[in-house]
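# Notes for the structure review
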Amino acid sequence: MGRLLSSPKVLLIGAAALALIIAGLAGGALGGAFGGGFIGAPIAHIQLAAEPITASPQIADIPFFGDFRITNTMVAAWSAIVVLAVISWLGTRRLKEVPGRLQGALEAVMEVFLNACETVAGPERGRRFFPLVMTIFLFVVAANWMGILPGFGTIGRFESAEEVIHHAEEKAEKDGEHADLDNVKLAVFDGDGFLAVQPFGSVNEEITGAEYEEMEEGARPRAGLLVPFFRSANTDINMTLGLALVAMVMVHYWGVSVLGLFTHVGKYFNFREGPIMLFVGLLEGLSEIARVISFTFRLFGNIFAGEVLLIVMAFLVPLVGIVPFLGLELFVGLVQAFIFAMLTLVFAATATIHHDSEGH
Amino acid sequence: MIEGNIEVIKTIAAGLAIGLGALGPGLGIGLLAAKAMESLGRNPEAARPIQLNMIIAIAFTEAIAIYALVVAVIIIFLG
């Protein structure tokens, strides 16, 4: 310890870290409450639904579907797919008996899951379930980890105050209400034309839609909202619902193909073993639907809550507050991907077991 | 009177939903981890299967907290 403290390098790093922590505490919204706040910006706009990346729809008025818009979570999902494809291409382009670093890493990941599949479901069925389990894990973990890269949620389209107010009024009109512009929050941006930035120390520069409307035409500030180009793919409930449906449909497909249609469906509509077993079967059928819902919301809830946590910490204590939570998000992203894959495997294994041999 | 304070009530409701909803899963995850640690101490060789099953069981427990979170989010954003 004494030797560590006497080393000038360690002292310098320690002093820099201390300075960053003090600057973060004083410069964020936490310090802003006591007259500081020279670094932070207003809290980012938190929205449940994914936002479209362009102002106008890509394909307008498709019958029965309405407008098709490319949303920021779609962009993130496709970039995760591209990243995975490039990594697999690089890793498998020159397969060698003694693997190099990338091939070795890919083989290690695959082996963990192949072993898990074979221990849970047996060698034959395990190999059958493996592709889906592995794909789900790789996609979810890639999407989750890419979602905390810098640029996600911070770079995007500038939606002007007029647009935001127009949207709020449109939505209120659809619900048959009057738009409440006091609840429409807008951030004040710097810069003009193409570029708009939230400057350092603009913690309190936030106005409501009503205030904006009251201002004179010439005196209005450049207010609006940031619509990010990228947003973590699993913060969109459509994404996680899609994954959950694919997983559960495949589980039942395997159930039917291994046991046969009548045995598999007979597990849920059991008319042969009396009314109690019929009721138990129906409950099991209900729990299959509950599994889809819990798959969906487990992944969505964890990743969305993580994003909100990061936004709030970056708002309260900029520069340093976010760092421990980035580590936490790395861990949560990995664990959630692992759980999604493992539960798919376990459900598939239980759906393909013969009822008589279950032994209970 | 309630008409004017709907935002306040929403905020309280969302706070209560996630606060009370996190109580049970918190206890549950604590119990799970305690038992896993106990069995790890008894049988350190079984670390891998214990870890795997613990994580899967925690996922089921945690899902309940996530339901509460979703309800809170719905109250705030869509309610």
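Since the model is a prediction, treat every value here as computed from it, not as a measurement.

Looking now at the overall build of chain B. Counting secondary structure elements, chain B contains 2 helices and 0 strands. Taken against the 2.2 N^0.38 rule, which gives 12 Å for 79 residues, the C-alpha radius of gyration of chain B at 18 Å runs more than 25% over that of a compact globule. On the principal axes, the C-alpha backbone points of chain B span a range of 65 × 15 × 10 Å. Within the span of chain B, comprising 79 residues, buried residues form 28% of the whole. Relative to all contacts within chain B whose residues are 6 or more apart in sequence, the contacts with residues 24 or more apart total 79%.

Below, the discussion takes up the side chain of S79(A). Of note, S79(A) is situated in helix α4 (residues 72-92). Given a relative accessible area of 19%, S79(A) falls into the buried group.

A few words on the confidence of the model for chain B. Per-residue confidence for chain B gives a mean pLDDT of 87; residues scoring 70 or more make up 94%. Taken together, the chains of this predicted complex give a pTM of 0.85 and an interface ipTM of 0.73.

To continue, consider the domain arrangement of chain A. All names here are of chain A. In terms of domain boundaries, chain A breaks down into domain 1 (23-70 + 156-228) and domain 2 (90-149 + 233-359). If you average the C-alpha positions of domain 1 and of domain 2, the two centres end up 36 Å apart. Taken together, the contact pairs 18 residues of domain 1 with 13 residues of domain 2. For the interface between domain 1 and domain 2, the tally reads 0 salt bridges. Contributions of two or more residues to the side of domain 1 that touches domain 2 are made by α2 (8-27) and α3 (29-32). The element that contributes the greatest number of residues to the side of domain 1 that touches domain 2 is α2, accounting for 4 residues. Residue composition of the side of domain 1 that touches domain 2, by class: 13 nonpolar, 5 polar and no charged.

Further remarks concern the pairing of strand β6 (residues 223-228) of chain A. All names here are of chain A. Burial within β6 is extensive, with 5 of its 6 residues counted as buried. Where strand β3 (residues 156-160) lies against β6, 5 bridges are found, and the strand directions are antiparallel. Within β6, the residue paired with R157 across the bridge is V227. Pairing of strand β4 (residues 185-188) with β6, which is carried by 2 bridges, proceeds in the antiparallel orientation.

Below, the discussion takes up a nonpolar patch on the surface. Residues and elements named next belong to chain A. A cluster of nonpolar residues, V82, V83, V86, I87, W89, L90 and L102, forms a patch on the protein surface that exposes about 590 Å² of accessible area. Among the elements that line the nonpolar patch, the one with the most residues is α4, at 6 residues. Residue position: V86 is located in helix α4.

Let us now look at the sheet that holds β4(A). All names here are of chain A. Pairing is antiparallel in the open sheet, where 4 strands are placed in the order β3-β6-β4-β5. Each edge of the sheet is formed by a strand with only one pairing partner; in this case those strands are β3 and β5 (206-208). Here the average twist between neighbouring strands, direction ignored, is 50°. Packed on one face of the sheet, helix α7 (residues 161-174) meets β3, β4 and β6 and runs near 75° to β3.

The next thing to look at is the interface of chain B and chain A. Taken together, the contacts link 15 residues of chain B with 18 residues of chain A. A buried area of about 1400 Å², summed over both sides, lies between chain B and chain A, and 81% of it is on carbon and sulfur atoms. Our count for the chain B to chain A interface comes out at 0 salt bridges. Looking at the side of chain B that touches chain A element by element, the count peaks at 13 residues for helix α2 (residues 47-77) of chain B. A breakdown of the residues in the side of chain B that touches chain A according to their chemical character gives 13 nonpolar, no polar and 2 charged.

What follows is about the pattern of salt bridges. Throughout the structure, instances matching the rule amount to 9 salt bridges over all chains. Notably, a salt bridge pairs R291(A) with E288(A), separated by 3.0 Å at the nearest N-O pair. Within this pair, R291(A) and its partner E288(A) are both found in helix α11 (residues 274-316), separated by 3 residues, close to a single helical turn. Judged by relative accessible area, which is 11%, E288(A) ranks as buried. In this structure, K35(B) and E38(B) form a salt bridge, with 3.7 Å as the shortest nitrogen-oxygen distance. Of this pair, K35(B) and E38(B) both sit in helix α1 (residues 6-42), separated by 3 residues, roughly a single helical turn. We classify K35(B) as exposed; its relative accessible area is 56%. Among the ionic contacts, a cluster of salt bridges with common partners joins R157(A), E159(A) and E163(A).

In terms of nonpolar packing, the biggest core is built from 48 residues, with F113(A), F137(A), F295(A) and F340(A) touching the most fellow members. Contributions of two or more residues to this core are made by α4, α5 (101-121), α6 (123-146), α9 (237-259), α11 and α12 (323-351) of chain A together with α2 of chain B. What F137(A) contacts, discounting residues up to four positions off in sequence, is V109(A), F113(A), L334(A), A337(A), F338(A) and A341(A).

Right, let's get into the pairing of strand β1 (residues 59-62) of chain A. Each regular strand carries side chains that alternate between the two faces of the sheet. Residue and element names in this part refer to chain A. One ladder, built from 2 bridges, connects β1 with strand β2 (residues 66-68); its direction is antiparallel. Each residue of the ladder has a partner; that of I59, found in β2, is F68. Linkage of β1 to β2, two consecutive antiparallel strands, is achieved through a turn of 3 residues, within which F64 is found at a positive phi near 70°.

So, about the packing of aromatic side chains. Residue and element names in this part refer to chain A. If you walk through the whole model with that rule in mind, you get 9 aromatic pairs over all chains. Between the aromatic rings of F113 and F338, the centroid separation amounts to 6.0 Å while the plane-to-plane angle is 70°, which identifies the pairing as edge-to-face. With F113 in helix α5 and F338 in helix α12, this pair connects stretches of sequence that are 225 residues apart. Each member of the pair, F113 as well as F338, carries the same accessibility label: buried. Judged by centre distance (4.4 Å) and plane angle (10°), the rings of F295 and F340 are stacked. Here F340 lies in helix α12 and F295 lies in helix α11, a separation of 45 residues in the sequence. On the accessibility criterion, F295 (1% relative accessible area) is buried. An aromatic cluster is present here, built from F113, F137 and F338 joined pairwise through their rings. Between the NZ or CZ atom of R93 and the centre of the ring of W89, over which it lies, the distance is 5.2 Å. For the cation-ring pair, R291 lies above F347, with the distance from its terminal atom to the ring centre recorded as 3.8 Å.

The rules behind each value
- Residues numbered from 1 in each chain as written.
- Chains lettered and ligands numbered in written order.
- Predicted model: local features only at pLDDT ≥ 70, side-chain atom pairs only at ≥ 80, totals over all residues.
- Heavy atoms only, no water.
- Helix = DSSP H or I, 4+ residues; strand = E, 2+ residues; numbered from the N terminus.
- Rg over C-alpha atoms; globule rule 2.2 N^0.38 Å.
- Buried < 20%, exposed > 50% of the residue type's maximum accessible area, 1.4 Å probe, protein only.
- Contact = heavy atoms within 4.5 Å.
- pLDDT = per-residue confidence, 0-100.
- Domains from an automatic or database assignment.
- Salt bridge = Lys/Arg side-chain N within 4 Å of Asp/Glu carboxyl O.
- Nonpolar A, V, L, I, M, F, W, Y, C, P; charged D, E, K, R; others polar.
- Pairing = 2+ DSSP bridges.
- Patch = residues over 30% accessible without salt bridge, like charges linked within 9 Å, V, L, I, M, F, W, Y side chains within 5 Å.
- Areas by Shrake-Rupley, 256 points an atom, 1.4 Å probe, with all protein chains shown as cover.
- Axes fitted to C-alpha atoms, helices over the stretch in contact; angles between N-to-C directions.
- Buried area = accessible area lost by both parts, 1.4 Å probe.
- Core = buried A, V, L, I, M, F, W, Y, C linked by side-chain atoms within 4.5 Å.
- Phe/Tyr/Trp six-rings, centres within 6.5 Å; stacked < 30°, edge-to-face > 60°.
- Lys NZ or Arg CZ within 6 Å of the ring centre and 35° of its normal.

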